[in-house]
There are 2 protein chains.
Amino acid sequence: MSATDVRKPILTKQRRAVFDVIQSSVDHLSAGEVFDRAKETLPGISFATVYNALRYLKENGMIGEVSLSGGPARFDRITTRHDHAICEACGKLVDMKLEIPGSLLKSAIDVSGFKPRSFELTLWGTCSQCV
Amino acid sequence: MSATDVRKPILTKQRRAVFDVIQSSVDHLSAGEVFDRAKETLPGISFATVYNALRYLKENGMIGEVSLSGGPARFDRITTRHDHAICEACGKLVDMKLEIPGSLLKSAIDVSGFKPRSFELTLWGTCSQCV
DNA sequence: TATTGATTTAGAATTAGTCTAATTATAGAA
DNA sequence: TTCTATAATTAGACTAATTCTAAATCAATA
């Protein structure tokens, strides 16, 4: 789907169930966790459909994805640009909305030579519970 | 191993082979790619040893790790703090050394409440070859 | 209603990474 | 040097995460 394609996403009942699971959770769920919760409303839903739905929703900008090292991908109900802090002790993932200076972004674009789509600052460290 | 532990890492010949593979590649190799190349100098090396060595070298600050969504972890010969640009079309990973303003880092620490260990700006977009 | 294309399903397959138990290598003590 | 303890390596089984396949179902529309 190209950037100029503005068709409204088709939400089947399976896709809606997956979407609702993500929207209703503050946490960043893995595909397995989404599957477990989606089954509560749609007991017959299959694992493959959850994966298909996650990909579809992501491609249509309805959910976000975060990948951490050493674990499954996690899905994010926030789709606007934002940042993450990751606790290396307990794995906690915290959303942050930081103001990234335009000059920093400009130098990233200049140095890489990339056409930018998005960007994110990630902070690794220890959360207040784990210190 | 704690931050105050300054013992010199023990480099067996397998660990050295793995280290050399990563040092001699500008690309960010996956564990599988490291295994293939390490076998060229050490034909008997096993997959498990490559994983063990990668973990050991990482814990001892001799290599870095980058995780992208939808793919295996990749290893990085650069161990000093730096940033990455990722091409969403071809998967290319480009190293960048950006000057992250202290004020930005401070607000990330304040917002998250984390004790920081490291941080990184990631830029997603399209590289010059893929535009 | 019949057709067509998209979606879902179950389960197999694949990929990435970890674990286990036996073997081998290494460093230090006797 | 030989013995002993510890650590590292190996092969292969295992687990977890994700993707693929082919058949069945569903939904829109001719």
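Residues numbered from 1 in each chain as written. Chains lettered and ligands numbered in written order. Predicted model: local features only at pLDDT ≥ 70, side-chain atom pairs only at ≥ 80, totals over all residues. Heavy atoms only, no water.

1. Details of helix α2 (residues 31-41) of chain B
Residues and elements named next belong to chain B. Buried within α2 we find Ala-31, Val-34, Phe-35 and Ala-38. In an axial view of α2, the angular spread of the buried residues amounts to 100 degrees, which keeps them on one side of the axis. Buried-residue contacts for α2 involve α1 (13-23), β1 (29-30), α3 (47-59) and β3 (74-76). (Buried < 20%, exposed > 50% of the residue type's maximum accessible area, 1.4 Å probe, protein only. Helix = DSSP H or I, 4+ residues; strand = E, 2+ residues; numbered from the N terminus. Arc of directions from axis to C-beta. Contact = heavy atoms within 4.5 Å.)

2. As for the pattern of salt bridges
All names here are of chain A. The final tally for this structure, using the stated rule, is 12 salt bridges over all chains. Here Asp-83 makes a salt bridge to Arg-81, at a shortest N to O gap of 2.8 Å. Linking Asp-110 and Lys-106 is a salt bridge whose minimum nitrogen-to-oxygen distance equals 2.8 Å. Within this pair, Asp-110 and its partner Lys-106 are both found in helix α4 (residues 102-112), separated by four residues, close to a single helical turn. (Salt bridge = Lys/Arg side-chain N within 4 Å of Asp/Glu carboxyl O.)

3. Quick word on the protein's contact with DNA strand D
Taken together, 14 residues are adjacent to DNA strand D, and A:Tyr51, A:Ala73, B:Thr12, B:Gln14 and B:Thr49 come closest. If you look at DNA strand D and keep only atoms within 4 Å of the protein, 79% of those are sugar or phosphate atoms. Within the side chain of B:Thr12, a nitrogen or oxygen atom sits 2.4 Å from a phosphate oxygen of DNA strand D. Between DNA strand D and B:Thr49 there is a distance of 2.7 Å, counted from a phosphate oxygen to a side-chain nitrogen or oxygen. Among the secondary structure elements, those contributing two or more residues to the surface near DNA strand D are α3 (47-59) of chain A together with α1 and α3 of chain B. Among the elements that line the surface near DNA strand D, the one with the most residues is α3(A), at three residues. Here the residues of the surface near DNA strand D sort into eight nonpolar, five polar and one charged. (Near = heavy atom within 4 Å. Polar contact = N/O pair within 3.5 Å; in protein donor to acceptor, adjacent residues only side chain to side chain. Nonpolar A, V, L, I, M, F, W, Y, C, P; charged D, E, K, R; others polar.)

4. Regarding the sheet that holds strand β5 (residues 93-96) of chain B
Reading across from one edge, β5(A)-β4(A)-β6(A)-β6(B)-β4(B)-β5(B) is the order of the six strands in this open sheet, with mixed pairing throughout. Edge positions in the sheet fall to β5 (93-96) of chain A together with β5 of chain B, since each has one partner strand and no second. Between one strand axis and the next, the sheet turns by 25 degrees as a mean value, whatever way the strands run. In terms of strand pairing, strand β4 (residues 83-87) of chain A meets β5(A) through four bridges, oriented antiparallel. (Pairing = 2+ DSSP bridges. Axes fitted to C-alpha atoms, helices over the stretch in contact; angles between N-to-C directions.)

5. Describing the environment of B:Lys115
Relative to the elements of secondary structure, B:Lys115 occurs in strand β6 (residues 115-126). Spatially, the C-alpha atoms of B:Lys115 and B:Lys97 are 22 Å apart, while their sequence positions differ by 18 residues. Ignoring any residue separated from it by four or fewer positions in sequence, one finds B:Lys115 in contact with A:Trp124, A:Gly125, A:Thr126 and A:Val131.

6. What to know about the protein's contact with DNA strand C
Neighbouring DNA strand C are A:Thr12, A:Gln14, A:Arg15, A:Gly44, A:Ile45, A:Ser46, A:Ala48, A:Thr49, B:Ala48, B:Tyr51, B:Pro72 and B:Ala73. Sugar and phosphate atoms represent 81% of those atoms of DNA strand C found within 4 Å of the protein. Listed by contribution, the elements that provide at least two residues to the surface near DNA strand C are α1 (13-23) and α3 of chain A together with α3 of chain B. Counted by class, the surface near DNA strand C contains six nonpolar, five polar and one charged residues.

7. Thoughts on the relation of the copies chain A and chain B
Of the transformation superimposing chain A on chain B, the axial component is 0.0 Å and the angular component is 179 degrees, with the fit at an RMSD of 0.1 Å. What the rotation and shift describe, once combined, is the action of a two-fold rotation axis. Residues of chain A ranked by C-alpha distance from the rotation axis are headed by A:Leu121, positioned 2.2 Å from it. Most of the interface of chain A is mirrored in chain B, where 100% of its interface residues are also at the interface. (Least-squares fit on C-alpha atoms with pLDDT ≥ 70 in both.)

8. Observations concerning the pairing of β6(B)
Where strand β6 (residues 115-126) of chain A lies against β6(B), 11 bridges are found, and the strand directions are antiparallel. Each bridged residue has a counterpart across the sheet, and for A:Thr126 the counterpart in β6(B) is B:Lys115. Direction of pairing for strand β4 (residues 83-87) of chain B relative to β6(B): parallel, over a ladder of four bridges. Looking at β6(B), one finds that B:Ala85 is bridged to B:Leu123.

9. Observations regarding the side chain of B:Asp76
Residue and element names in this part refer to chain B. Considering the arrangement of structural elements, one finds Asp-76 in strand β3. Here Asp-76 is buried and forms no salt bridge, its nearest opposite-charge partner Arg-77 lying at an N-O distance of 6.3 Å. In this structure the side chain of Asp-76 is engaged in a polar contact, spanning 3.3 Å, whose partner is the side chain of His-28. Of note is the side chain of Asp-76, whose polar atom sits 2.9 Å from the side chain of His-82. (Lys, Arg positive; Asp, Glu negative; His and termini not counted.)

10. Some details on the domain arrangement of chain A
Accessible area lost on assembly of the parts is the figure often given for the size of an interface. All names here are of chain A. Domain assignment breaks chain A into domain 1 (13-76) and domain 2 (83-125). The gap between the C-alpha centroids of domain 1 and domain 2 is 23 Å. Contacts between domain 1 and domain 2 engage four residues on the former and four residues on the latter. Taking both partners together, domain 1 and domain 2 bury about 410 Å²; carbon and sulfur atoms supply 66% of that area. It is His-28, Val-66 and Leu-68 that lose the most area in domain 1 upon contact with domain 2, and together they represent 82% of the buried surface on that side. Where domain 1 meets domain 2, there are zero salt bridges. The interface formed by domain 1 and domain 2 holds two residue pairs in polar contact (both at pLDDT 80 or more) in total. (Domains from an automatic or database assignment. Buried area = accessible area lost by both parts, 1.4 Å probe.)

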